[in-house]
Amino acid sequence: MQGCVIRQDWNLYTAADHAMWDRLFSRQVAMLPGRAAPAFLEGIDVLRMSKPGIPDFEELSERLQRATGWSVVAVRGLIPEEAFFEHLANRRFVAARFIRAPAQIDYLQEPDVFHDVFGHVPLLVNPVFADYMQAYGEGGLRAMQFGSIHHLARLYWYTVEFGLIRTHGALTLYGAGIVSSHGESVFALDDDSPNRLGFELTRVMRTKYRIDDFQQTYFVIDSFDQLLRQTLDTDFAPLYANLRSLADLEASAVLPGDRVITRGTQAYARARS
Ligand SMILES: [Fe+2]
């Protein structure tokens, strides 16, 4: 077995575990049309398994393999960065196998199988996004040599986890942290509080983020092609050197050079601090 991989043990899930998946799944599927990016919505069908409830990773992986050569493997909680990058670079997505308890239906700190599989897997069916995820893993392995993981992690955060994408002129969701969250699926598009800024690689990699609440800034890409091309075409060694000389930016910052789509009030963040 590759680094940190465990068996999913699908047979050990209880009826309550499967019922929680089905409840979360139907709630998000009902609210995401018109909000999530078309590529995400198209990918959801890959999760409709032959058995109800939490997807069996073996069956899911067979489908993903056929689509884009990806697979899903189970891990126990957070794994070391090198193992994480190594999996992505080899087109393996690592997922938690546990599912949240009923009391945590709207919020939990540690990603569970619903976040990991519902949030991340549909876009792995998209060939361009699938390539981006692999490129990110390869970039992560290189970033380790430069001591720049914290900069690269921000790219993952503001794209894979909390990214917005323009679709026919409107903003739509694609970040897994948003589409798997009932509250943030509304907040990220409709609330006056957060900034929505055009994606720019260096800008994103300077920006701090919060892990414990809705984001204060979302970055908007124009297409997955743009994201993939920038990642493949950028020479990250001089970029990391440059980033070391630049100050980190607060999560709520708006700079004179930013492409501002919405300047947020930050009222939500202020009320919560
Ligand atoms: Fe995630």
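Before reading further, recall that the structure is shown in the block above.
**Q** Just to check I follow, could you spell out the sheet that holds strand S4 (residues 164-167) for this structure?
**A** Strands belonging to one sheet form pairs held by backbone hydrogen bonds; the direction of such a pair is parallel or antiparallel. Overall, mixed pairing links the five strands, which are arranged S5-S4-S7-S6-S8 in an open sheet. Every interior strand has two partners, whereas the edge strands, strand S5 (170-173) and strand S8 (260-262), have only one. Each strand of the sheet is rotated relative to its neighbour by a mean of 35°, with strand direction disregarded. Pairing geometry for S4 and S5, over four bridges, is antiparallel. For Thr167, the partnering residue across the bridge sits in S5 and is Ala170.

**Q** Help me understand the packing of helix H1 (residues 15-31) against helix H9 (residues 182-190), please; the structure alone is not making it clear to me.
**A** Two measures define how a pair of helices packs: the angle their axes make with one another and the distance between the axes. Interaxial distance between H1 and H9 falls to 10 Å at its minimum, and their mutual angle equals 20°. As far as their axial angle goes, H9 and H1 are roughly parallel. As H1 runs across H9, the sense of the crossing is right-handed. Residue-level inspection shows Arg27, Gln28 and Met31 of H1 in contact with H9, the latter providing His182, Ser185 and Val186. When the residues that make up the contact of H1 with H9 are grouped by side-chain class, the tally is two nonpolar, three polar and one charged.

**Q** Whenever I open this one, helix H4 (residues 81-89) confuses me. Can you help?
**A** Note on helix geometry: an α-helix contains 3.6 residues per turn, so any two residues three or four positions apart are oriented the same way. Those residues of H4 lying buried are Ala83, Phe85, His87, Leu88 and Ala89. Where H4 is buried, its residues meet strand S1 (5-6), strand S2 (71-75), strand S3 (92-96), helix H6 (127-146) and helix H7 (149-161). Positioned one or two residues after H4, Arg91 has a phi angle of 55°, which is positive.

Here is what the cut-offs are and how they apply
- Residues numbered from 1 in each chain as written.
- Predicted model: local features only at pLDDT ≥ 70, side-chain atom pairs only at ≥ 80, totals over all residues.
- Heavy atoms only, no water.
- Pairing = 2+ DSSP bridges.
- Helix = DSSP H or I, 4+ residues; strand = E, 2+ residues; numbered from the N terminus.
- Axes fitted to C-alpha atoms, helices over the stretch in contact; angles between N-to-C directions.
- Parallel < 35°, antiparallel > 145°, perpendicular 65-115°, else oblique.
- Left-handed = near helix turned anticlockwise from the far one by under 90°.
- Contact = heavy atoms within 4.5 Å.
- Nonpolar A, V, L, I, M, F, W, Y, C, P; charged D, E, K, R; others polar.
- Buried < 20%, exposed > 50% of the residue type's maximum accessible area, 1.4 Å probe, protein only.

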